[in-house]
Amino acid sequence: MNLPRIGVTLQHFGPHAGPDAVVTVARAADRLGFHAVSVSDRLLIPAGPHWANDAGLPESPPWDVLEVLTWAAAHTERIRVMTGILNTIFESPVVLARRLATLDRLSRGRLDVGIGQGGGTRLPPYYLPEEFTAAGVPTGRRGAGFAEHVAAMRACWGPDPVEFEGEFYRVPLSKVGPKPWSGRIPLLFGAITRPTIERAARIGDGFVTVAVDWDATAAQVRWYREAGGTGTVVVSAFPVPPGARVSTAGFVDGALRCLARAAAVGADEMHVVTNLLDVHPRRQVELLEALAAAAPGGSVQP
């Protein structure tokens, strides 16, 4: 059984967030041989009386994804930097295409991009209406509008002159740059429902999910493959439940169990969620050092 590559999350929210925290964890992950570091997107955290937070989101709003990854890339040499995920439809496709391509060039091609169309809840409607209101984007832009946004970004990364004409987005005949380091940026789709996962298989370059329930994750990966998806499957996993006491042995054992489960469901890559542990970044480094020492060959390669 091939083991998934291992990535780790960066501390971009909460009391430990900051430039030193990002550099501390990113440099350690780079030195230890982990495959990637990742951060996830959230435009805001609702504060109204109806807010139930069924997905267990951190109550502290996160820092901007692309700026955090740019900072991480600037302080590392090898490790890949990943959005896992970035809610793309809150920005125009030409603006976001330029931002992503710029980070890809600055990192010399180390950018991996997971994208989504909202999210933030595991129950219908599967998105936070407050984010769409604040971004000035109608919730009806999800679905067909999201797919068109992807097509428009890909057009911007193609040869100049660029021109795109769609129902929701238009790019007049223009020169748009920079172009990605290797000519294109693969886009992995974040999704949890079967129709959105099947869309990832049709028009995405991979699939990103969170292993809240491993049986559900296995079904999601199966849906992706049955729909013809051949791209990279990335699973984020929790070695220790958020808020639980963190011991080194418990963290390593939990991470290795998650790695085995990720391999069993057919994931290509597993990102260990460390930024929800509520421990100082220096302690996160200690945990990653222990994991790197215990991980089977192939998943972490110093």
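Bear in mind that the values here come from a model prediction, so they are computed numbers and not experimental data.

**Q** I'd love a proper account of helix 3 (residues 93-106), names of residues and values included.
**A** Taking 1.5 Å of rise per residue, the 14 residues of helix 3 would be expected to cover 20 Å, and the 20 Å separating its terminal C-alpha atoms lies within 8% of that figure. Three or more residues of helix 3 are buried, namely Pro93, Leu96, Ala97, Leu100, Ala101, Leu103 and Asp104. Along the long axis of helix 3, the arc covered by the buried residues comes to 160 degrees, so they all point the same way. Elements that come into contact with the buried residues of helix 3 comprise helix 2 (65-74), strand 3 (80-87), strand 4 (111-116) and helix 5 (144-156).

**Q** Describe the packing of aromatic side chains, with residues and values.
**A** To describe a pair of aromatic rings, you give the distance between the ring centres and the angle between the ring planes. According to the stated counting rule, one finds four aromatic pairs in the structure shown. Taken together, the ring pairs connect Phe90, Tyr127 and Phe132 into an aromatic cluster.

**Q** Give me the lowdown on empty space enclosed by the protein, citing residues and values where you can.
**A** Scanning the entire structure with this criterion turns up one cavity of 30 Å³ or more. Those elements giving two or more residues to the lining of the largest cavity turn out to be strand 3 and strand 9 (232-237). Residue composition of the lining of the largest cavity, grouped by class: three nonpolar, four polar and no charged.

**Q** So what about the nonpolar core? Which residues, and what values?
**A** With 81 residues, the main nonpolar core has Leu10, Phe34, Leu100, Trp157, Leu187, Trp214 and Phe251 as its most contacted residues. At seven residues, helix 8 (residues 248-265) tops the list of elements feeding residues into this core. Setting aside residues up to four positions removed in sequence, Trp157 forms contacts with Ala97, Leu100, Ala101, Lys179, Pro180, Gly183, Ile185 and Leu187. Counting residues in hydrophobic clusters, the runner-up holds five residues, among them Met82, Ile85, Val208 and Val234.

**Q** Which residues make up the sheet that holds strand 1 (residues 5-9), and what are the values?
**A** Backbone hydrogen bonds are what pair the strands of a sheet, in a parallel or an antiparallel way. Pairing within the closed barrel is parallel, and its eight strands lie in the order 1-2-3-4-7-8-9-10. Each strand axis lies, on average, 25 degrees off the axis of its neighbour in the sheet, ignoring direction. Summarising the sheet, strand 8 (residues 206-210) and strand 9 pair through five bridges and their orientation is parallel. Each bridged residue has a counterpart across the sheet, and for Val208 the counterpart in strand 9 is Val234. Sitting on the sheet, helix 2 touches strand 2 (36-39) and strand 3, and the angle it makes with strand 3 is about 180 degrees.

**Q** Help me get a handle on the side chain of Thr209, residues and values and all.
**A** Along the chain, Thr209 falls in strand 8. Taking the relative accessible area as the measure of exposure, Thr209 reaches 3% and is therefore buried. Within the structure, the side chain of Thr209 is placed 2.7 Å from the side chain of Gln220, a separation counted as a polar contact. When residues no more than four places from it in sequence are discounted, the contact partners of Thr209 are Ala191, Thr217, Gln220, Val234, Val235 and Ser236.

**Q** Any details on the packing of helix 8 against helix 9 (residues 281-294)? Residues and values, ideally.
**A** At a closest axis distance of 9 Å, the pairing of helix 8 and helix 9 adopts a crossing angle of 55 degrees. For the element pair helix 8 / helix 9, the angle class is oblique. Remark: the crossing between helix 8 and helix 9 carries right-handed chirality. Contacts between helix 8 and helix 9 involve Thr248, Phe251, Val252, Ala255 and Leu256 from the first element and Arg283, Leu287, Leu288, Ala290, Leu291 and Ala294 from the second. When grouped by side-chain class, the residues that make up the contact of helix 8 with helix 9 number nine nonpolar, one polar and one charged.

**Q** Which residues make up the environment of Asp268, and what values go with them?
**A** As for its position among the elements, Asp268 is in the loop between helix 8 and strand 10 (269-272). Judged by relative accessible area, which is 27%, Asp268 ranks as partly exposed. As for Asp268 and Pro138, which are separated by 130 residues in sequence, their C-alpha atoms are 34 Å apart. Discounting residues that sit within four places of it in the chain, Asp268 has contacts with Pro4, Arg5, Arg225, Gly231, Thr232 and Val233. Of note is the side chain of Asp268, whose polar atom sits 2.8 Å from the backbone nitrogen of Val233.

Cut-offs and rules
Residues numbered from 1 in each chain as written. Predicted model: local features only at pLDDT ≥ 70, side-chain atom pairs only at ≥ 80, totals over all residues. Heavy atoms only, no water. Helix = DSSP H or I, 4+ residues; strand = E, 2+ residues; numbered from the N terminus. Expected span 1.5 Å × (residues − 1). Buried < 20%, exposed > 50% of the residue type's maximum accessible area, 1.4 Å probe, protein only. Arc of directions from axis to C-beta. Contact = heavy atoms within 4.5 Å. Phe/Tyr/Trp six-rings, centres within 6.5 Å; stacked < 30°, edge-to-face > 60°. 1 Å grid on protein atoms, 1.4 Å probe; cavity = no way out; pocket = protein on both sides within 12 Å on 5 of 7 lines; lining within 4 Å. Points joined across faces, edges and corners; volume = space filled by probe spheres on them. Nonpolar A, V, L, I, M, F, W, Y, C, P; charged D, E, K, R; others polar. Core = buried A, V, L, I, M, F, W, Y, C linked by side-chain atoms within 4.5 Å. Pairing = 2+ DSSP bridges. Axes fitted to C-alpha atoms, helices over the stretch in contact; angles between N-to-C directions. Polar contact = N/O pair within 3.5 Å; in protein donor to acceptor, adjacent residues only side chain to side chain. Parallel < 35°, antiparallel > 145°, perpendicular 65-115°, else oblique. Left-handed = near helix turned anticlockwise from the far one by under 90°.

These figures come from the coordinates and say nothing about function on their own.
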